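Observations on the model geometry
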Amino acid sequence: MTAATAIDATNASNRTGYRSFKLGSFAFTRDEYFVYITWPTKNGPMTHYMSADAFLRAMMRDVAWGFFYYQVNFDAVFGTNNLYGKVEMFAGSFNETYKTAGINLTETFDTPVIMATFKSILDDWCNEGFDPFSAPEETGNTWMGAKRGENRKAINRNREVCERMVGLPGDAPMRSDANGYPVNRAFHDVPQDEPEVHVEPGYEKEIGAVNLFAFLSRSDVTWNPSVTSVCKTSLYCPTTEEYILPIKHGNDRVEWFIQLSDEIKWEVEDKETGKPRAKVIMKAGDVAAMPADIRHQGFSAKRAMLLVWENTNPDIARMHAENEIPPYPVEF
Ligand code: PHB
Ligand code: FE
């Protein structure tokens, strides 16, 4: 590790028109292509930089998902840990090299405080036309260059959460052309017919069925699971995936993946150190459990359909943390 260095934030923001931000001891700046994160270390200030595209896509997920289940790594250095009420922000604390060099920093914030800062950063740093939920082919190079307008509509869209099972009366309207959800360019071959349901009189509001493939073919976002069914603490969260999952997720529980179409490649690393542990190639029909002691990131060349199956048992994170249960779900 070379001597720590910091960039001149004033210069970058004067030239490009983006605001700079501070939260605790961390400072954030962006310019035409990059985001710079600066924090104090025993060797002086240290600056880490990443593509503004990757940074904004990751920050959008962190905000939209309320800091998600435990750990969201923007890359190998910077990220957040959800303590459910408070959030830790860290640089280098889950990177073996930074930790060994003693130049990592973790600070804890009340969730509303860090949420407000992240929302302000997104608001100022997402240019007109840049939708951090869209595939690069769809949103193009709008993230680049000097500050140009905003895209509040995209960054403030609400995460879809069903009230009841999707399709039952009382739930949000089904995705359709009329509702502003056209079939995505990658899914024109997906049949749009809906199942025929014959219900015993009196049970019309209780029984329903949907064509989940048709539902997913109309998703207008990528790497953004929507909750489509809830059964006690079991959540079905299907999603459509294209390009790269913008975060490396370090979970505090097991989650299951069911590959519904096409192919996704997963890179699996150790949760604490980031050391590589496995590569998983999932083809349509494959099922995998992601253990509770890893971080993972997905890659998808052609838009793919994935079912993420989550466990919201409020005690499960503690059970893993105290090694009451193994980090994997089954013994073979
Ligand atoms: C995950 O972290 O497991 C995850 C998140 C978003 C997705 C897919 C998987 O779209
Ligand atoms: Fe995950």
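Residues numbered from 1 in each chain as written. Chains lettered and ligands numbered in written order. Predicted model: local features only at pLDDT ≥ 70, side-chain atom pairs only at ≥ 80, totals over all residues. Heavy atoms only, no water.

Glancing now at the packing of aromatic side chains. Scanning all chains against the criterion turns up 22 aromatic pairs. Here the aromatic rings of phenylalanine 34 and tyrosine 36 are separated by 6.4 Å at their centres, their planes lie at 70°, and the arrangement is edge-to-face. Since its relative accessible area comes to 12%, tyrosine 36 is described here as buried. Consider the rings of phenylalanine 55 and tryptophan 125, whose centres lie 5.9 Å apart with planes at 50°: the pair is tilted. One end of the pair, phenylalanine 55, is in helix 2 (residues 52-64); the other, tryptophan 125, is in helix 4 (residues 111-125), with 70 residues separating them in the sequence. Since its relative accessible area comes to 0%, tryptophan 125 is described here as buried. Ring-pair connections join several aromatic residues into one group, and the members of that group are Phe21, Phe26, Phe28, Phe55, Phe67, Phe74, Phe78, Phe118 and Trp125. (Phe/Tyr/Trp six-rings, centres within 6.5 Å; stacked < 30°, edge-to-face > 60°. Buried < 20%, exposed > 50% of the residue type's maximum accessible area, 1.4 Å probe, protein only. Helix = DSSP H or I, 4+ residues; strand = E, 2+ residues; numbered from the N terminus.)

As far as domains go, the chain holds domain 1 (3-154) and domain 2 (161-321). The C-alpha centroid of domain 2 is placed 26 Å from the C-alpha centroid of domain 1. Taken together, the 23 residues of domain 1 in the interface contact 29 residues of domain 2. Roughly 2200 Å² is buried in total at the junction of domain 1 and domain 2, and carbon and sulfur atoms are behind 51% of that figure. On the surface where domain 1 and domain 2 come into contact, there are four salt bridges. Between arginine 185 and glutamate 137 there is a salt bridge; the shortest N-O distance is 3.0 Å. For the interface between domain 1 and domain 2, the tally reads 14 residue pairs in polar contact (both at pLDDT 80 or more). (Domains from an automatic or database assignment. Contact = heavy atoms within 4.5 Å. Buried area = accessible area lost by both parts, 1.4 Å probe. Salt bridge = Lys/Arg side-chain N within 4 Å of Asp/Glu carboxyl O. Polar contact = N/O pair within 3.5 Å; in protein donor to acceptor, adjacent residues only side chain to side chain.)

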